[in-house]
2 protein chains.
Amino acid sequence: MSRSLPPNLSAAQFDLALASWRSIVGEPQVVTSAAGLATYLDPFAPGERAAFSASATLLPGSVDEIRAVLRVANQYRIPLWTVSTGRNFAYGGAAPRLPGSVVLDLHRMNRIIEVNETLAYALVEPGVTYFDLHAYLREHGHKLWVDPPAAGWGSVVGNTLERGFGYTAYGDHAAKQCGMEVVLANGDVLRTGMGGIEIGTAWQLYQPGYGPSFDAMFMQSNYGIVTKLGVWLMPAPPAYLLGEIQFQHEADLEAIVEILRPLRLDETIRNHVVIEGGLRRAAGLSTRAQWYEGPGAMPERAVAAMLEKLDVGRWNLHFALYGTPELIDARLAIVQRAFARVPQARFFAKRYAGNAMGDAAGNAASDAQPTAGGDRNLAGIPAMSAFRMLDWRGGAGAHVDFAPVCPATGRDALRQYTMVKTRAAEYGFDYYGGFTAGERHLHHIFAAIFDRGDANQVEQAGQLLRSLMSDARAAGYGEYRAHLAYMDFAAAQYSFNDGALLRLSETIKDALDPNGILAPGKQGIWPAAWRDRRGYT
Amino acid sequence: MSRSLPPNLSAAQFDLALASWRSIVGEPQVVTSAAGLATYLDPFAPGERAAFSASATLLPGSVDEIRAVLRVANQYRIPLWTVSTGRNFAYGGAAPRLPGSVVLDLHRMNRIIEVNETLAYALVEPGVTYFDLHAYLREHGHKLWVDPPAAGWGSVVGNTLERGFGYTAYGDHAAKQCGMEVVLANGDVLRTGMGGIEIGTAWQLYQPGYGPSFDAMFMQSNYGIVTKLGVWLMPAPPAYLLGEIQFQHEADLEAIVEILRPLRLDETIRNHVVIEGGLRRAAGLSTRAQWYEGPGAMPERAVAAMLEKLDVGRWNLHFALYGTPELIDARLAIVQRAFARVPQARFFAKRYAGNAMGDAAGNAASDAQPTAGGDRNLAGIPAMSAFRMLDWRGGAGAHVDFAPVCPATGRDALRQYTMVKTRAAEYGFDYYGGFTAGERHLHHIFAAIFDRGDANQVEQAGQLLRSLMSDARAAGYGEYRAHLAYMDFAAAQYSFNDGALLRLSETIKDALDPNGILAPGKQGIWPAAWRDRRGYT
């Protein structure tokens, strides 16, 4: 394998830059070996893994080191791709959009700077994972919950910046973020919101501050390097109930969403409810080969037999109720009454004390039925159970996700589901997906699961994603997030007034990063210096 | 009175610009008469009203007209100051920060473009007031509530952009905003978030969209002209309860905040609770002259006598509970149990059906005691009762507000209260104020009420505000909003890393508005062309 270089840079210049960086972060914190760099490739790439390869990786240990690293990058105009811990799996992992970029890996900066139990927040560095924060809270006896995303090993900062979401009442991570420290491309360090008040009192308490608020502009963006982030934490409730409702028919989805929406809007249910497709539910309990080994997507008959045998629903709704026993009772009665309108709906529910933190294996309690399928997350306990999906299809399990925003109406949900399922089957993929319910929208997540060892499956997964994005756009839907390979395509779909939004994004990009050193191409935003690299690869 | 001109512009050039503008918006929509311009002066100016005077006012009727107006402004480099309806009273009204700016008054653009009852949102133009939107919802039988700010005549767009707040569960207006249309200084029109998807489905449903999110950057800013704004509306609850708890002692404030915080954090109480100072509560029922006519702030004895006579508390907490009768009961029990810990606390509560919309006089119901003092707002009914404060001190009643963000702890609240009350008394002002409770912060609002006809009072009010800002900053507090006269001073307080936040603000300002035509000086942000005008006037 020939040596990878940053674009438009000679090997000699790159060596000079690397020498400078070594003097800043230390020899061991500059990775250039093929073996070292291989760990930064996208493990789930829906195409050639080398398409998004790094030329080196730097692991700074402080804000000052980052500032010094930036000076060198500006000098040689070398693009840097920042990752917190690099666990952005299904969207590219730690790999950079522009091949040859240098990965700036912040996982060594992993301090939990502050936890305030009274005001229910934490201030963390990028290397802090959900597991770390959860363990810290337990260790110190803080009566606070994290809101874990599907995989607990991810960075709190990274997940929040990518607008990940979880399962509790704090499931909208971006909405529960408060205050950032950011290093700009020119090395300037700023604090957003109330953080502008030095030795202040409200950096993690009031989001906007005074004047324009910039936090949301540093999410899914390449405008700066976030080095500290405040997150609000949910006070542990006095008690909680984890519930599952299983539905028997595909078309029930419409009624489910129509019944759920008002319950979410009036906060009868405060958590980010998951409406899980039967196949994804089944993947937590079995593997695909037990049910089907033929070509193409699992036939309807095999799916039906599997669901019956496993005794799970075609749709499985996971919800939680938090509060005093009286409030939980009153809300449960409303929920049960509402969903009883769906024929053959089956209810499961189990109550817990607020300090019930689950067993070591990751189950919130011993009853297998109502608490399986990710429920641990609904009680603020990070897990890795989502990775069971990798075993579903066997081989070198991987997945790439299609993530359109769906209006919270039954009609839209059923339409997206039908559209995705039909197209997936054309390419030989099962509908492995579900919906996570905000108040007025649903995050529809479909995972194309494939075997990285099977070149044809890799190819088909890539093709499928492109088709799905076109289908969605034609129907008036847009994605909230996209894999490296589709970042430009997704951005181009936001085409109102000939792409005015992207024009604004790139005007700001050029103002803040004139040399184009920060994450060129991230979410389709290219600095002037690299704008010719835009493309749908 | 000599003719006012835009800064750095000759009368001849201005006449050319005005002629162009007349051809765009029509002769009657260009105001240059002294009488016409006088209506754009700050009615509550804490100093010379002429200090912030406009040279003309333009009233465009459409986005296309705004774009054409901008072309002329760019050509002549004339600063424009945009207002929605110009009701930003206590912070400057419709008056521009840079004297001689041309006011761009958008109140003629007053369409309610869409109301979606199912998904509970509205899309409105800048001229739509809370009264307008409330009337529209009633008229069409939509089971949705607006969240009115203190004065219902204000613009929904204007109030949201200034980060105003209200009293219901939707009291954080900026947090309930979803989707904008913005005209940039160069005339480019963009739609934020999911609005980038043309003929899309989720512009008013999912806030961030794909990539960086800019909505919060267009709030309290001068980066663009917002021409359409989506706001989420609260579904009318099946029932609600309006409650008031009266507390007898000044020092109770500490316990009140400590008890309230967990109830807000766990959403036992979902509305933006108001902790109203006794004097402000009394102003809704009487005038100052009934109790005291001597010099300086009302003495303690007079205040105590007044509160006793009116039978109101030293602190009066206004809360609402929304939901089914069972949920309201369960929550009320929790609230009562919690506040019963404060000696001599007195409870008042009244229940309503969800469709109870109050009587014509603005009371939510007939019981005078528990429902007076702004409670109508807690049921989503806009009012003008806050203006009773103008009668409190008599004469040409005016006020200027001091609005520091306060951590939601009893210690901080009591500290701010004591600090403000003491300083106010020094300048001869009563403590007329209260706290509105978010979850982790309180908006502390103190109004210096003065008689515009009394030059000494005007002068003292201005001096007091400056002192309060310095006091707050020294104690680690910052303001969330400020009057024109103090915008630069407030911005300068956000001084972390030598003002890095303001450097970012102005870098973006220069990129988006190179000629500096949009609202120079707004919230302390000056474009390069006018940066020498920064100052604490």
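Residues numbered from 1 in each chain as written. Chains lettered and ligands numbered in written order. Predicted model: local features only at pLDDT ≥ 70, side-chain atom pairs only at ≥ 80, totals over all residues. Heavy atoms only, no water.

Chain A goes by p-cresol methylhydroxylase in an unreviewed UniProt entry, where it is assigned to Paraburkholderia ginsengiterrae. Taken from UniProt, the Cofactor (unreviewed entry) comment for chain A reads in full: "FAD". (UniProt positions renumbered as here; feature names shortened; annotations may be inferred.)

**Q** Help me understand the overall build of chain A, please; the structure alone is not making it clear to me.
**A** Looking only at helices and strands, one finds 16 helices and 19 strands in chain A. What you see for chain A is a C-alpha radius of gyration of 23 Å, in line with the 24 Å of a compact globule of 537 residues. For the C-alpha atoms alone, the extent of chain A along its principal axes is close to 70 × 55 × 45 Å. The buried share among the 537 residues of chain A stands at 66%. For chain A, long-range pairs separated by at least 24 residues make up 72% of all intrachain contacts whose partners lie at least 6 apart in sequence. Of note, chain A has its 49 positive side-chain charges centred 1 Å away from the centre of its 53 negative side-chain charges. (Helix = DSSP H or I, 4+ residues; strand = E, 2+ residues; numbered from the N terminus. Rg over C-alpha atoms; globule rule 2.2 N^0.38 Å. Buried < 20%, exposed > 50% of the residue type's maximum accessible area, 1.4 Å probe, protein only. Contact = heavy atoms within 4.5 Å. Lys, Arg positive; Asp, Glu negative; His and termini not counted. Charge placed at Lys NZ, Arg CZ, Asp CG, Glu CD.)

**Q** Help me understand the relation of the copies chain A and chain B, please; the structure alone is not making it clear to me.
**A** Here two copies of a chain appear, and what relates them is a rotation about an axis with a shift along it. You can overlay chain A on chain B at an RMSD of 0.0 Å; the transform is a turn of 180 degrees with a shift of 0.0 Å along its axis. What we have between these two chains is a two-fold relation. Interface residue correspondence from chain A to chain B reaches 100%, placing this contact among same-surface, isologous pairings. (Least-squares fit on C-alpha atoms with pLDDT ≥ 70 in both.)

**Q** For this particular structure, what's the right way to read helix 1 (residues 11-25) of chain B?
**A** Because each turn of an α-helix spans 3.6 residues, side chains separated by three or four positions in sequence point in the same direction. Residues and elements named next belong to chain B. An ideal rise of 1.5 Å per residue puts 21 Å on 15 residues; helix 1 measures up with 20 Å between its terminal C-alpha atoms. Among the residues making up helix 1, those that are buried are F14, A17, L18, W21 and V25. When helix 1 is viewed along its axis, its buried side chains cluster within an angular range of 100 degrees and face the same direction. Seen from the buried face of helix 1, the exposed residues on the opposite side, beyond 90 degrees, are A12 and S23. Summarising the contacts, the buried residues of helix 1 are in contact with strand 1 (30-31), strand 2 (56-58), helix 3 (63-76), strand 3 (80-83) and strand 4 (102-105). Looking one or two residues beyond helix 1, the residue adopting positive phi is G26, at roughly 95 degrees. (Expected span 1.5 Å × (residues − 1). Arc of directions from axis to C-beta.)

**Q** I keep staring at the interface of chain A and chain B and nothing clicks. Help me out?
**A** The extent of an interface is frequently quoted as the accessible surface area lost upon association of the parts. Contacts between chain A and chain B engage 92 residues on the former and 92 residues on the latter. When the buried surface of chain A facing chain B is broken down by residue, A:Y210, A:R440 and A:F496 rank first, second and third, together holding 14% of it. Run the count over chain A and chain B and you get 4 salt bridges. Its salt-bridge partner being B:R270, residue A:E267 comes within 3.5 Å of it at the nearest N-O pair. At 11 residues, the largest contribution of residues to the side of chain A that touches chain B is made by helix 16 (residues 496-512) of chain A. (Buried area = accessible area lost by both parts, 1.4 Å probe. Salt bridge = Lys/Arg side-chain N within 4 Å of Asp/Glu carboxyl O.)

**Q** Before we go on, may I ask you to explain the sheet that holds strand 9 (residues 189-191) of chain B in this structure?
**A** Each strand in a sheet pairs with another by means of backbone hydrogen bonds, the pair being arranged parallel or else antiparallel. Residue and element names in this part refer to chain B. Read from one edge to the other, the open sheet built from 5 strands follows the order 5-6-10-8-9, with strand pairing classed as antiparallel. The two strands at the open ends of the sheet, each matched to only one other strand, are strand 5 (112-116) and strand 9. Sheet twist, expressed as the average angle between the axes of neighbouring strands with direction ignored, equals 10 degrees. Across the face of the sheet, helix 4 (residues 130-139) comes into contact with strand 5 and strand 6 (121-124) while running at roughly 50 degrees to strand 5. (Pairing = 2+ DSSP bridges. Axes fitted to C-alpha atoms, helices over the stretch in contact; angles between N-to-C directions.)

**Q** It is not clear to me how the pattern of salt bridges should be interpreted in this structure. Could you clarify?
**A** Pairing between side chains of opposite charge can happen when the charged atoms of each approach one another. Residues and elements named next belong to chain A. Summed over the entire model, instances satisfying the criterion amount to 50 salt bridges over all chains. Between K522 and E162 there is a salt bridge; the shortest N-O distance is 2.7 Å. Remark: E162 occurs in the loop between helix 5 (156-161) and strand 8 (177-183) and K522 occurs in the segment after helix 16; sequence separation between them is 360 residues. The two residues K522 and E162 agree in class, both being buried. Beyond isolated ion pairs, a larger network of salt bridges with shared partners links E250, E300, R314 and K421.

**Q** Looking at this structure, how should I read the UniProt feature "domain: FAD-binding PCMH-type" (unreviewed entry) in chain A?
**A** Residues annotated in UniProt with the feature "domain: FAD-binding PCMH-type" (unreviewed entry) correspond here to residues 44-236 of chain A. With 16% helix and 22% strand, residues 44-236 of chain A has end C-alpha atoms that lie 35 Å from one another.

**Q** Just to check I follow, could you spell out the side chain of A:T168 for this structure?
**A** All names here are of chain A. Inspection of the secondary structure puts T168 in the loop between helix 5 and strand 8. Of the residues examined, T168 reaches a relative accessible area of 1% and is grouped as buried. Separated by 2.9 Å, the side chain of T168 and the backbone nitrogen of Y170 make a polar contact. Leaving out residues up to four positions away in the same chain, T168 has contacts with W145, V146, D147, M234, R270, N271, H272, Y322, N377, L378 and G380. (Polar contact = N/O pair within 3.5 Å; in protein donor to acceptor, adjacent residues only side chain to side chain.)

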